[in-house]
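# Remarks on the overall topology
Spelled out, the chains give:
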Amino acid sequence: MAVRPILVLLLLLAVRPALAADGRTLFADQCASCHSLAGASGPDGPSLKGIVWRKVAARSDFVYSGALKSLGGSWSPSRLDEFLKDTQGFAPGTGMNFVVDSPQDRAALIAYLRTAR
Ligand code: HEC
């Protein structure tokens, strides 16, 4: 029967946007007080527009900590996951002290951030 794989595919297609939608709500609740996704950075945090695969500490309109500036490289989804799980462990001395304990919430947030190009 070909029905099963089609059902699985439909489920997968349904789940991905749902994950990003959860991420949108989480972002509004937990991140938006410091981070914008649209234009300029604010005084409390850099803009996260296009953050997935963006270079670390790359915004010229935000003054980053030395901890973040010295990390180098780009924000892959897995690096974002590690950072959000334990910001001070990942970048000791970073100005971001907010952590997201739930792996599901981190996955949803990263799925949503991918949509903010
Ligand atoms: C209380 C304010 C605050 C909150 C809440 C906050 N952040 Fe941050 N975030 C910062 C600051 C400040 C920095 C810059 C840190 C530095 O320079 O060390 C930062 C940096 C970042 C960076 C790296 C940006 C870059 O340009 O390299 C990412 C990614 C990030 N935050 C994601 C998030 C997400 C996702 C959330 C919500 C779950 C969140 N932050 C919640 C203040 C905050």
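Read on for an overview of the structure. (Residues numbered from 1 in each chain as written. Predicted model: local features only at pLDDT ≥ 70, side-chain atom pairs only at ≥ 80, totals over all residues.)

## Digging into unusual backbone geometry
Peptide bonds are, in most cases, trans, and in most cases residues other than glycine have a negative phi. Phi is positive for Trp-53, which is not a glycine, with a value near 75°. Along the chain, the position of Trp-53 falls in the loop between helix 1 (3-30) and helix 2 (66-69). A count of 13 C-beta atoms within 10 Å places Trp-53 in the partly exposed class. Residues other than glycine seldom take positive phi values, yet Ala-57 does so here, at roughly 55°. Mapped onto the secondary structure, Ala-57 falls in the loop between helix 1 and helix 2. A tally of 20 C-beta atoms within 10 Å means that Ala-57 is categorised as buried. (Helix = DSSP H or I, 4+ residues; strand = E, 2+ residues; numbered from the N terminus. Buried ≥ 20, exposed ≤ 12 C-beta atoms within 10 Å, placed from the backbone.)

## Section: the nonpolar core
Counting 14 residues, the largest nonpolar core has Leu-80, Leu-84, Leu-109, Ile-110, Tyr-112 and Leu-113 as its most contacted members. Of all the elements, helix 5 (residues 103-115) adds the most residues to this core, at six residues. Excluding residues within four positions of it along the chain, Ile-110 makes contact with Val-52, Pro-77, Leu-80 and Asp-81. (Core = buried A, V, L, I, M, F, W, Y, C linked by C-beta atoms within 7 Å. Contact = placed C-beta atoms within 7 Å.)

## Digging into the site of the ligand
Taken together, 27 residues form the shell around the ligand, and within it Cys-31, Cys-34, Tyr-64, Ser-65 and Met-96 come nearest. At the level of secondary structure, the elements contributing two or more residues to the shell around the ligand comprise helix 2 and helix 3 (77-85). The class makeup of the residues in the shell around the ligand is 18 nonpolar, seven polar and two charged. (Near = placed C-beta within 6 Å. Nonpolar A, V, L, I, M, F, W, Y, C, P; charged D, E, K, R; others polar.)

## Quick notes on helix 3
Of the positions making up helix 3, those classed as buried are Leu-80, Phe-83 and Leu-84. Viewed end-on, helix 3 has its buried residues packed into an arc of 95°, placing them on one side of the element. Packing partners of the buried residues in helix 3 comprise helix 4 (87-90) and helix 5. (Arc of directions from axis to C-beta.)

## A word on helix 5
The first and last C-alpha atoms of helix 5 sit 19 Å apart over 13 residues, in line with the 18 Å expected at 1.5 Å per residue. Within the span of helix 5, buried status applies to Arg-106, Ala-108, Leu-109, Ile-110, Ala-111, Tyr-112 and Leu-113. (Expected span 1.5 Å × (residues − 1).)

## Things to note about the packing of helix 3 against helix 5
The geometry of a pair of packed helices is captured by two quantities: the angle between their axes and the separation between those axes. Helix 5 packs onto helix 3 with a crossing angle of 130° between their chain directions and a minimal axis gap of 10 Å. Classified by the interaxial angle, the pair formed by helix 3 and helix 5 is oblique. Every pair of crossing elements has a handedness; the one defined by helix 3 and helix 5 is right-handed. Residue-level contacts link Pro-77, Leu-80, Asp-81, Leu-84 and Lys-85 of helix 3 to Arg-106, Leu-109 and Ile-110 of helix 5. (Axes fitted to C-alpha atoms, helices over the stretch in contact; angles between N-to-C directions. Parallel < 35°, antiparallel > 145°, perpendicular 65-115°, else oblique. Left-handed = near helix turned anticlockwise from the far one by under 90°.)

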